[in-house]
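Spelled out from the first residue to the last, the chains are:
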Amino acid sequence: MSIKENITRVIRNFSGNSVDIDISVPEHESLGHYSTTVAFLLAKEKHISPIDMAEELASYLNTTSDIFDRVEAKAPGFVNMWVKPEVFFRELKFILKEGDRYGKRKISRSRRKKVQIEFISANPTGPLTLANGRGGFLGDVLGNVLQMSGFDVEKEYYVNDTGNQIETLGNSILAASRLIPYEETFYKGEYVDYWARAHVAIVKRLKHDPLKLGKRAAKDFLKATRNVIEKKAGIYFDRYTSEDNDIHGKGYVKKALSLFQKNRSIYESDGALWLKTTEYGDDKDRVVLKKDGVPTYFLADAGHYLETKKRGFDSKILILGPDHHGYMARIQAVASMVGIQKSDVMITQAVRLLENGREVKMSKRKGMFVTFEELVDEVGKDSARFFFLMITPETHMDFDMSLAKERTLKNPVFYVQYAAVRAKSIMRKVKKPAIPDLSDLAVLSTEEDIRLMKTLAQFPEIILSVSSSYNIRRLTQYALELAKVFHGFYEKERVLGEEKNVVRARLTLISATLIVFKNLFSVLGISFLKKM
RNA sequence: GCCCCCGUAGCUCAAUUGGAUAGAGCGCUUGGCUUCGAACCAAGAGGUUCCGGGUUCAAAUCCUGGCGGGGGUACCA
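Cut-offs applied
Residues numbered from 1 in each chain as written. Chains lettered and ligands numbered in written order. Predicted model: local features only at pLDDT ≥ 70, side-chain atom pairs only at ≥ 80, totals over all residues. Heavy atoms only, no water. Phe/Tyr/Trp six-rings, centres within 6.5 Å; stacked < 30°, edge-to-face > 60°. Lys NZ or Arg CZ within 6 Å of the ring centre and 35° of its normal. Domains from an automatic or database assignment. Near = heavy atom within 4 Å. Polar contact = N/O pair within 3.5 Å; in protein donor to acceptor, adjacent residues only side chain to side chain. Helix = DSSP H or I, 4+ residues; strand = E, 2+ residues; numbered from the N terminus. Contact = heavy atoms within 4.5 Å. 1 Å grid on protein atoms, 1.4 Å probe; cavity = no way out; pocket = protein on both sides within 12 Å on 5 of 7 lines; lining within 4 Å. Points joined across faces, edges and corners; volume = space filled by probe spheres on them. Nonpolar A, V, L, I, M, F, W, Y, C, P; charged D, E, K, R; others polar. Axes fitted to C-alpha atoms, helices over the stretch in contact; angles between N-to-C directions. Parallel < 35°, antiparallel > 145°, perpendicular 65-115°, else oblique. Left-handed = near helix turned anticlockwise from the far one by under 90°.

K.L.:
Can you break down the packing of aromatic side chains residue by residue, with the values?
P.N.:
A full pass over the atoms with the stated rule returns 19 aromatic pairs. Aromatic pair F521 and F528: ring centres 6.1 Å apart, planes at 50 degrees, arrangement tilted. Here a set of aromatic residues connected by ring pairs shows up, and it is made of F94, Y102, F459 and Y478. Sitting above the plane of the F14 ring, K46 keeps its charged end 5.9 Å from the centroid.

This is the structure in structure tokens:
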């Protein structure tokens, strides 16, 4: 149990179950190691003033619990808590004992809930954009966090490898090969020309079957995409689900339709079949079978959701780009209809590309854009990941390639990685310490010692919090915070060359720091460097 | 027209989801390497959180009316 959970439990004895107990870590040490605002809520409930309530709680904690050094009520109703050093020492020992498991939730296999997280899912009609990358990092790390928190996670890339856009891709290749005239809606870009030139025989053979040609090209584009996301960006998927083979091929589109018919969610109008998505909060009903009898893309999506449900997922997280926000209501309706109990949709916002302060219009159709791959090549995996994860997914971010790429992008990761390198370089000079007794740690008493231990102890709490809030940037914030605290420690305190018992205790502290850095980097998918 | 998102330091972004003194990086000024790595640390300048009203112990955050920017709004995918 983390320190925070421990404190929560103690306060719960006082407050009862009627209120939420929040424990925060104040920025200034003068406001305690931990702080709670629960007195405000209790005061309202009991109709007394917040400060009176806070004082009551403070004196309760001071007298009944042995984990606090002191607890203080502070106007207008905060309760600030300083825990005893032993609490931190115990946590330190726990970190060493757990090692790379520190921060993980232990839940037995049979009790783990299955959750699927679907992200990127870009059409295999060309290179990935920066927005794809944004969702990619987000989904990858969120998946890692959920995994750590005891969920049985599947990261899914849904490949739309059939349908109109694939046929358009086929036609685009034919146009690039000058076999048919060019049309406005076609994909245009170097990658189309390049593929066409490299596969002249195939183009010739399939020139009367653009869909088949498109599928063939899509296969290659997907391979290229996988190479970028896995090898270059460090994003890993458990499953690439093919719309063509896994959904259409296994009859899920028809199954979804008959399920809806059975549930009387379908009606006919104007010769088409409509799904009553308005019954689940959509602003209008949606066509699933067109007048000509062709299923819409939306029905295929419903089939996909049904397939996910049938494979045992009651919980699904979908990360979409900004152009899909209109899709949210109807896909949520479908989730309910197929029986997925917990369905979350996250929308990432666009990345606006600037060049020397001026906006560069990006268009996939016209082939004008900076690809995700170019970004990663330019600044490196670690910088790209950290930088994108730092920024909240729902802000429209401006990205100036020419101006910002060097220092602004790299600095935050370097700052964090450098802290870990400094810690590592101390350990390189000594033998790994054995796990000490609590009494050996008593010399860890300076402000810097305590602050570092306190910060380390937050790691499991952050993981837990992110697993329910999906607030991924708290991880990068924490990384920056931990690095800052460690750099401060490093400048002010020494490890080697101190008295023997101090060296031993501090080495324990450094070991624990390295464990937390390692585990944190592993969740974030950035490299733990030995030197830089 | 209707719907969604955003507006915070010169620039790019934070702010533990309603908490205390609004913080980081880049840029700017100053100081710190004969001891564990200076890709670091310490100090400073820089803010009417777009504007007006409201809600409450407490608002950058919630509600409301404006202003400005981005996106969406197909029997396309």
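Back to the write-up after that little detour.
K.L.:
Would you mind going over the domain arrangement of chain A in detail, with residue names and values included?
P.N.:
For chain A, the assigned domains are domain 1 (3-83), domain 2 (164-223) and domain 3 (409-524). Here the C-alpha centroids of domain 1 and domain 2 sit 65 Å apart.

K.L.:
I'd like a rundown of the protein's contact with RNA strand B, residues and numbers included.
P.N.:
Around RNA strand B there are 62 residues in total, and S35, Q165, D398, Y415 and E493 lie nearest to it. Within 4 Å of the protein, the contacting atoms of RNA strand B are 59% sugar and phosphate, with bases supplying the remainder. Interatomic distance of 2.9 Å between a backbone N/O atom of D270 and a base nitrogen of RNA strand B. R473 places a side-chain nitrogen or oxygen 2.4 Å from a phosphate oxygen of RNA strand B. If you list the elements that add at least two residues to the surface near RNA strand B, you get β4 (78-83), α6 (164-176), β9 (272-275), β15 (397-400), α17 (407-427) and α20 (473-492).

K.L.:
So what about the environment of F89? Which residues, and what values?
P.N.:
In this fold, F89 is placed in helix α4 (residues 85-98). Spatially, the C-alpha atoms of F89 and V523 are 25 Å apart, while their sequence positions differ by 434 residues. Not counting residues within four places of it along the chain, the set of residues in contact with F89 comprises L438, L441, A442, L444 and M453.

K.L.:
Hey, could you go over empty space enclosed by the protein for me, with residue numbers and the actual values?
P.N.:
Evaluation of the coordinates by the stated rule reveals one cavity of 30 Å³ or more. Estimated volume of the largest cavity: approximately 70 Å³. The wall of the largest cavity is formed by R134, L138, F388, L389, I391, T392, P393, I472 and R473. Looking at side-chain class alone, the lining of the largest cavity contains six nonpolar, one polar and two charged residues.

K.L.:
Give a description of the packing of helix α5 (residues 130-148) against helix α19 (residues 459-469) that names residues and reports values.
P.N.:
Between α5 and α19, the shortest axis-to-axis distance is 9 Å and the interhelical angle comes to 115 degrees. If you check the angle between α5 and α19, you find them roughly perpendicular. Between α5 and α19 lies a crossing whose hand is left-handed. Contacts between α5 and α19 involve L142, V145, L146 and M148 from the former and F459, I463, V466 and S467 from the latter. When the residues that make up the contact of α5 with α19 are grouped by side-chain class, the tally is seven nonpolar, one polar and no charged.

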